[in-house]
Amino acid sequence: MEKTWRKIKISGASLGIVIISLIGGILNGLIGAGGGIVLSLGFSALIGGLMKEKKDVYFNSQAAMIPVSVVSYFLYAASGETTSIPLPYMILPAILGGVIGGILSSHIDSKYIRLIFAAIILFSGARMILSALG
């Protein structure tokens, strides 16, 4: 089974993609989370119609967030003001989870992936609001 990579011509939306990516990177660097959500929602609004499925939007936002997360991690670590979990405890299971999730995504309909994504956003948002309120 051979896979082919499709490329989308997005010249008209390029500035929007740059701005959304910049905002996602700033948010991820600032609070260590949320950048992927900004990218997913922004890409979906801006170029979602050009992509075959919502999975394509998630794939592209993840691809952008990998280097951003790595750079953010090292910047936080270099500040010396953070407590760090040993990397093997995080990276190896996360890679395994990414492989499992990637395999599962090709077997799950996009509408269910959107529902899972929405549920995670709602749960996270509610938890953060309740935490902030005390």
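Scroll up to find the structure this text is about.
Predicted model, so just to flag it, every value in this text is computed and none were measured.

Peer 1: With reference to specific residues and values, describe the side chain of Ser40.
Peer 2: By the secondary structure assignment, Ser40 is in helix α2 (residues 35-47). On the basis of relative accessibility, which here comes to 5%, the residue Ser40 falls in the buried class. Residues contacting Ser40, with those up to four places away along its chain left out, are Val57, Tyr58, Ser61 and Phe117.

Peer 1: Please set out the packing of α2 against helix α3 (residues 54-79) residue by residue, giving values where relevant.
Peer 2: It is the contact of α2 with α3, at a shortest axis distance of 9 Å, that shows an interaxial angle of 140°. When the axis of α2 is compared with that of α3, the two are oblique. Along this stretch, α2 crosses α3, giving a crossing that reads as right-handed. Here Gly35, Gly36, Leu39, Ser40, Phe43 and Ser44 of α2 lie close against α3, whose contacting residues are Lys54, Val57, Tyr58, Asn60, Ser61, Ala64 and Met65.

Calculation notes
- Residue numbers here run from 1 along each chain, matching the order of that chain's written sequence.
- Side-chain atom pairs in this predicted model are given and counted only at pLDDT of 80 or more, local residue features only at pLDDT of at least 70, and totals for whole chains, interfaces and linings cover all residues.
- Side-chain metrics rest on all non-hydrogen atoms present in the structure, leaving aside hydrogens and water.
- Numbered from the N terminus, helices here are DSSP runs of H or I no shorter than four residues, and strands are runs of E no shorter than two.
- Partly exposed residues are those whose accessible area sits between 20% and 50% of the maximum for their type, while under 20% is buried and over 50% is exposed, using a 1.4 Å probe and protein chains only.
- Throughout, a residue-residue contact means that at least one pair of heavy atoms, one from each residue, lies within 4.5 Å.
- For helices, the axis comes from a line fit to the C-alpha atoms of the stretch in contact; other axes are also lines fit to C-alpha atoms, and the angle between any two N-to-C directions lies between 0 and 180 degrees.
- In what follows, roughly perpendicular refers to angles from 65 to 115 degrees, roughly parallel to angles under 35, roughly antiparallel to angles over 145, and oblique to any angle outside these ranges.
- For a crossing to be left-handed, the near helix must be turned anticlockwise from the far one by less than a right angle; the clockwise case is right-handed.

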